[in-house]
Structure formats: structure tokens, C-alpha cells
2 protein chains.
Amino acid sequence: MRLPERRPERVTVLAGGIGGSAFLRGLIKARPDARITVIGNTADDITLFGLRVCPDLDTVMYTLGGGISEERKWGREDETWVIKEELAAYGVEPTWFGLGDKDVATHLVRTQMLDAGYSLTAVTEALCARWKLPVRLLPMSDDRIETHVVVDDPEQPGRRKAIHFQEYWVRHQASIPAHQIVAVGQDKAKPAPGVLDAIADCDVLIIPPSNPVVSVGTILGVPGIREAVRETSAPVIGLSPIIGTGPVRGMADKVLAAVGVASTASAVARYYGSRTSGGVLDGWLIDSSDAIQADSIAGAGIHVQAVPLWMTDETKTAAMADAALTLAEAVWR
Amino acid sequence: MRLPERRPERVTVLAGGIGGSAFLRGLIKARPDARITVIGNTADDITLFGLRVCPDLDTVMYTLGGGISEERKWGREDETWVIKEELAAYGVEPTWFGLGDKDVATHLVRTQMLDAGYSLTAVTEALCARWKLPVRLLPMSDDRIETHVVVDDPEQPGRRKAIHFQEYWVRHQASIPAHQIVAVGQDKAKPAPGVLDAIADCDVLIIPPSNPVVSVGTILGVPGIREAVRETSAPVIGLSPIIGTGPVRGMADKVLAAVGVASTASAVARYYGSRTSGGVLDGWLIDSSDAIQADSIAGAGIHVQAVPLWMTDETKTAAMADAALTLAEAVWR
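Since we're looking at a predicted model, the values are computed, not measured. (Residues numbered from 1 in each chain as written. Chains lettered and ligands numbered in written order. Predicted model: local features only at pLDDT ≥ 70, side-chain atom pairs only at ≥ 80, totals over all residues. Heavy atoms only, no water.)

Engineer: Before we go on, may I ask you to explain the overall build of chain A in this structure?
Structural biologist: When helices and strands are counted, chain A shows 13 helices and 14 strands. Its C-alpha radius of gyration of 19 Å places chain A within 12% of the 20 Å reference for a compact globule of 333 residues. Each of the 333 residues in chain A was classed as buried or not, and the buried ones make up 59%. Partitioning the contacts of chain A with sequence separation of at least 6, the portion at a separation of at least 24 is 69%. When the accessible surface of chain A is split by element, carbon and sulfur atoms take 50% of a total near 13,200 Å². Seen as two clouds, the 33 positive and the 41 negative side-chain charges of chain A have centres 3 Å apart. (Helix = DSSP H or I, 4+ residues; strand = E, 2+ residues; numbered from the N terminus. Rg over C-alpha atoms; globule rule 2.2 N^0.38 Å. Buried < 20%, exposed > 50% of the residue type's maximum accessible area, 1.4 Å probe, protein only. Contact = heavy atoms within 4.5 Å. Areas by Shrake-Rupley, 256 points an atom, 1.4 Å probe, with all protein chains shown as cover. Lys, Arg positive; Asp, Glu negative; His and termini not counted. Charge placed at Lys NZ, Arg CZ, Asp CG, Glu CD.)

Engineer: What exactly am I supposed to notice about the packing of aromatic side chains here?
Structural biologist: The way to describe two aromatic rings as a pair is by their centre distance and the angle between their planes. Under the counting rule described, the total for this entry stands at 18 aromatic pairs over all chains. Ring geometry for B:Trp74 against B:Trp81: centres 6.4 Å apart, planes inclined by 75 degrees, an arrangement best described as edge-to-face. Judged by relative accessible area, which is 34%, B:Trp74 ranks as partly exposed. For B:Trp81, a relative accessible area of 27% corresponds to the partly exposed category. Where B:Tyr168 meets B:Trp169, the ring centres are 6.3 Å apart and the plane angle is 40 degrees; that geometry is what we call tilted. Classification of B:Trp169 as buried rests on a relative accessible area of 18%. In this arrangement the basic side chain of A:Arg130 is found over the ring face of B:Tyr90, its NZ or CZ atom lying 4.5 Å from the centre. When the ring centre of B:Trp131 is taken as reference, the NZ or CZ atom of B:Arg130 above it lies at 4.3 Å. (Phe/Tyr/Trp six-rings, centres within 6.5 Å; stacked < 30°, edge-to-face > 60°. Lys NZ or Arg CZ within 6 Å of the ring centre and 35° of its normal.)

Engineer: Would you take a moment to explain the sheet that holds strand E7 (residues 160-164) of chain A for this structure?
Structural biologist: Remark on secondary structure: sheet strands pair via backbone hydrogen bonds, oriented parallel or antiparallel. Residues and elements named next belong to chain A. A sheet is described by the order of its strands in space; here three strands give the open sequence E7-E6-E8, paired in antiparallel fashion. If you trace the sheet from one side to the other, it starts and ends with E7 and strand E8 (178-184), each paired once. The average undirected angle you get between the axes of adjacent strands in this sheet is 25 degrees. In terms of strand pairing, strand E6 (residues 146-152) meets E7 through five bridges, oriented antiparallel. Each residue of the ladder has a partner; that of valine 150, found in E7, is alanine 162. (Pairing = 2+ DSSP bridges. Axes fitted to C-alpha atoms, helices over the stretch in contact; angles between N-to-C directions.)

Engineer: Looking at this model, I keep getting lost on the interface of chain B and chain A. Mind explaining?
Structural biologist: Think of interface size as the accessible area that goes away when the parts come together; that is how it is often given. If you look at the interface, chain B gives 25 residues, while chain A gives 25 residues. A combined buried area of about 2,100 Å² lies between chain B and chain A, and 69% of that area is made up of carbon and sulfur atoms. Three residues, B:Tyr90, B:Leu108 and B:Arg130, lead the burial of chain B against chain A; their summed loss comes to 31% of the area buried on that side. In this structure, the connection of chain B to chain A is made through four salt bridges. Counting the contacts that link chain B with chain A gives eight residue pairs in polar contact (both at pLDDT 80 or more). Contributions of two or more residues to the side of chain B that touches chain A are made by helix H2 (55-65), helix H3 (82-89), helix H4 (101-115) and helix H5 (120-131) of chain B. In terms of residue count, H4(B) provides more of the side of chain B that touches chain A than any other element does, eight residues in total. Residue composition of the side of chain B that touches chain A, grouped by class: 16 nonpolar, four polar and five charged. (Buried area = accessible area lost by both parts, 1.4 Å probe. Salt bridge = Lys/Arg side-chain N within 4 Å of Asp/Glu carboxyl O. Polar contact = N/O pair within 3.5 Å; in protein donor to acceptor, adjacent residues only side chain to side chain. Nonpolar A, V, L, I, M, F, W, Y, C, P; charged D, E, K, R; others polar.)

Engineer: So what exactly am I meant to see when it comes to the pairing of strand E10 (residues 236-239) of chain A here?
Structural biologist: In the case of a regular strand, side chains alternate between the two sheet surfaces. Residue and element names in this part refer to chain A. Of the two faces of E10, the one carrying Val236 and Gly238 and the one carrying Ile237 and Leu239 are both buried. As judged from the three bridges shared by strand E9 (residues 204-207) and E10, these two strands associate in the parallel manner. Considered in E10, the bridge of leucine 205 is made with valine 236. With three bridges connecting them, E10 and strand E13 (residues 283-287) associate as parallel partners. By the bridge assignment for E13, isoleucine 237 is matched with glycine 283.

Engineer: Before we go on, may I ask you to explain the relation of the copies chain B and chain A in this structure?
Structural biologist: A rotation about some axis, followed by a shift along it, carries one copy of the chain onto the other. You can overlay chain B on chain A at an RMSD of 0.0 Å; the transform is a turn of 180 degrees with a shift of 0.0 Å along its axis. With respect to symmetry, the two chain copies, as superposed, fit the operation of a two-fold axis. Considering only C-alpha atoms, the part of chain B nearest the rotation axis is B:Asp101, at 3.6 Å. Interface overlap between copies: 100% of the residues of chain B at the interface are likewise at the interface in chain A, consistent with a symmetric, same-surface contact. (Least-squares fit on C-alpha atoms with pLDDT ≥ 70 in both.)

Laid out in C-alpha cells, this is it:
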């Protein structure tokens, strides 16, 4: 693959948790000198046992900081579960959330700082200082936004209820029908300091293969962010989180169904939309096996390229990142 | 020892942490059928990392519930220290407080319940439910009271400063001169629900060999409690925490010096005072080796008996408890 002559210096990435983090590893490997800003999803944040938990921010932090469990892809390596067992012994609910001891320490520091009046941006910066992150990690907003999912009530047939995204995702493993997804608090939220600038003042904006609804969708849904993405002079390149008819990882198909979007690379591209017609994408990478969908995506006004999109190792992921930056280069010219 | 004919059914104990807990074990062994109410000291409580920590209540709860570290006499058996190490890795102060992982779970439950609006009394009852305590444990107050110690400032020679009792006790091991001891918040505090009744409606009130200044002293200092102790129809029997010129355990001598009281069984008895002359004691047990001080104590209007007071095992401690109840019997008649 030919490297573009003008190499992007400033790359901004809108990231969810696991998919975003895996992509970021590849991006850092592909462009070790780039100045990367990550705008992290905070809409799956939750308060548990009085602790403020930010799963996506922490997944990015632990992954890029070298503290992630490589097996689970969330939480800490060599984690212990004493707190979780003790809370269960006290009969405290919920018991379905995987809260490891090392992880609890992160949440304790965060909660204490938030209670002392620091913004989530400041707290995230302080936490990341320990991990010497090779990127700048910004929460999408300092305001509290929590995604809830309207589901069939498992206990009252025929009725629906709204539950926290984590309850839907972790407790129910997205296995009950989701009818609606609502990011509570989002309508009154503001982008965190630095977020709009990171979108406006970058050389390329990347939407990695994160969940298009509950990760990237909630970032774009913060008032002002979608507009900034639409207006930036940088090219906006996305990578499909769907290969064939299934998600690269996770359960994106379930939440796509809830918003009426088919689980295909093409449908997700059209869901994001082209910047030429009110959407947020200039370019879209799809997996080689989905090359047949390229014409449909191009027909929506989105530059498209088919490359291998399985993030099976860092080298392959770096090649994906390189392909995204190369596509950005093509869009620029 | 002859057992008294009328055996006390309702025993109320004003307890600090380690000494009070050890005594309570003996009392339960001596009187397994007694209904025991423990009024626990809360003035060494502290908020660390946003967690509300109640060291004395927890020591009583863990000791009588079977969860205590038998070696350390505080905190949990088979404790792990992951959280403490992680907080240190984040550079969060203080690092001198021994916060084990199991212990943190207790504090998480407590903090969450307090934040939800439950009183410390309700929280303590909920926590104790897990441990199936053989006593009723009441905090002395639901209001926040925190003992501070005025010390020579270690960093600015010639100057003094007030530090939290835990910092004085745990960090400095009571090794810097203490000039004054102030239970901040105490003047406006109220006894917790049930406390005054437990003092008024008992058959005997016991002051175990706890710290007379920072444990029993702070309980008695809650407005209304000293008066209730003075007015109860039950005999009030204390056990000396000093044998010879040193504390049975801990560093009571240091804080006694700060209030101008000599470190002897007799001086502590006079510090508490006789109920016949404005104090709180009817009877006082001293160690056999201190029998020579008996006359001085009796001269202050306090019934006195010399018995072995080293709590080296539960059988010996049970004999002490039995001696206290026997002395109560003598005072009644």
C-alpha cells in the first residue's frame, strides 16, 4: 500500500469501548507520530454502589495504557473479585455487573474527584496521567448522559419498560427485544471542553468500527457534535462495524434493529449518511467480503473501499488504519 | 466465683474498637443469654477516598461476626490489598490508612446507604444483618463527629496544628506530642435513636477497657449521654484499660497525657469519677497487680475490686466480665 505524501498529523477518533480501542491500537502502530485525540462515549456510564463507572473511557484507557485484560477486552489484567463477592455477601444489588477490585480503585478515584467538583474531563485527564496514554482522551461531554433501552418487560408480558443500557447489555446480553434507545440527558448536554476544537482542528476524523447506535451515535447526538463533524474541513472516514450480516464484535445488530437499520455495512453507511447530503461520512471502509455492497454505498455519495476489516491482530488493524488514512487522502484531493 | 442470684438480662456496653470488642467476646461467653446492646464510638470515623469508614463499629461487627483478622485485631481475615495498591499507583493520598479490599466493600455499602439518606443507625443494622451479630450494635450518634488532635506540626517546628485522629493514631502512631483532643461536631450532635433508652433501661451498664478519652470519652461527650449514664438506675461498672502504667493495648497513655490524666488505673477511675460526686462510675475493676491503688479509688467513692484484667484469651476475658457483673450485683444491694 502506497503511503500518502501528506501524512495526517492530527487525527481525531470518535470511540466507543472495545472496537474503538482495538482500532486505536492499530492506528497508533500505523502512525506512531500522529497526535491523536479520542472523543470517548460516556453514554454507557453508570453509577453502581455509589461509584461512577465509565466503561468506554476505561476500556480505551486500560487498552492504550497496557492495563486491559487481553482475554476479556474489558476490565483489568490479573483482576481479582473480592469486592464483588463481598457485596453479594451483603445482599447488595446488582450482582450482574463485573466490577473487579482494580477497576473499583479507578472508580473510587473518579467518584471522589467528581464529588469534589472536578469535571469528568479533568478526572479523565488525571486518571490517564497514570497510564501515560499515547493519545489525548476526552469524554464527549462533562454532563451526565445515560442510554436507556425500552424493552419488553421480562416480568410483565405485554408491557414494556426502560432499563439502563448496562442492564440491557450486560445483564440481558441484548437478548430481549429492544424497541427504542434513548440517551437520557443528551438533549441538554454540552460537548466537553476541547471536543469541538478536536473535530474542527484535525487533519482527519475517524469513526472506528464502534457501535453505530450506542457508541458513535450517542457521541454524534450530543448537541453541537454532529454539526461540528458535518462542518469540519477534515475528511471524515468510517470503518464498518458490520461484516456480512453480523457485528465484528459485540451485539450491534440488536441495537441497529431497534433503530430500524439492517445489519449490513451498506445500511450502516446510509444510517451515518454522506456529508454531501446531511450525513457525517466522506469515506467508508467495508470488509473485502462485502465488496458487492460498494456500489450501493458509492451511490449514497460516500467514497468507499473494500479492505480486510477483521481486527485479528495489531498488524492487520494497523493496515486498516492505514487504509482509512489513505482513503482520507483520496477524499482530500 | 459465686454467681449472683439475680443475673443481669439486659447489659449495655459503651465500646471503642479493639478493647471493647475483646471484652464483648468475653461477656457473650460469660452470659450467652444476656441481651446485650453495644453503643459504639463513632468519633474516629473518617471519610477516605469518598468512603465513609467507621473503624470502631466495624471492629465490633467483624469481631463478633467472625470476620475479624485475629492477628491484627482490626480489618478482615484473609484480607487482600489490591485497592490500596491501585490507589497508590494513581498517586492518591493518603497511603497510610490500611484499607483492605473486603473492608472497602463494607464501606461502599455504608457510603451508598448514607448517600441515599439512611441514618448511620439504619446502615449499621443493615450491615450487621449479614454478620448475624449476637448483640445489638448502635452508633453513639447519627451525626458526624470526628476527633481531631492538636499536635506539634512535624513540618513547622514551634507551631501546632489539628489533624484527624486517624492521622495521629495510624500515620503517626501517637508518637508526636498531643496537646488537645477535640471531637469536632460533638457539641451539636444528638444521641442516636435507642441510645438513651439502652442506657436507661438496662440491668447493668459496662464501660469496658476501651480508651477512656477517644473512645468512651467521646461517647460520654455526646450531649445527653453522660447525663443518661449518671441517671440510669442500673449500676455502672468500668474496667481499667490501664495495668501498671501502660495501656492493656494501644496507646491510651498518650491521649491520657493530652488531657492531663496519669496513666494509672486509679487516675482513670478518678477521671471518670464516681456517680456519687458528678461522675459516671459505681464500680471499677483494676488488675490484681494494681491492688495497692484500691484504697485511693474507694476513697473517690467508687466500689473497687482487683482481678486479673489481661484479656489474653476468651476464658480469662469471660471471668473479667463475670467479675464486672458480680461487682454490679454488689453495688445493687
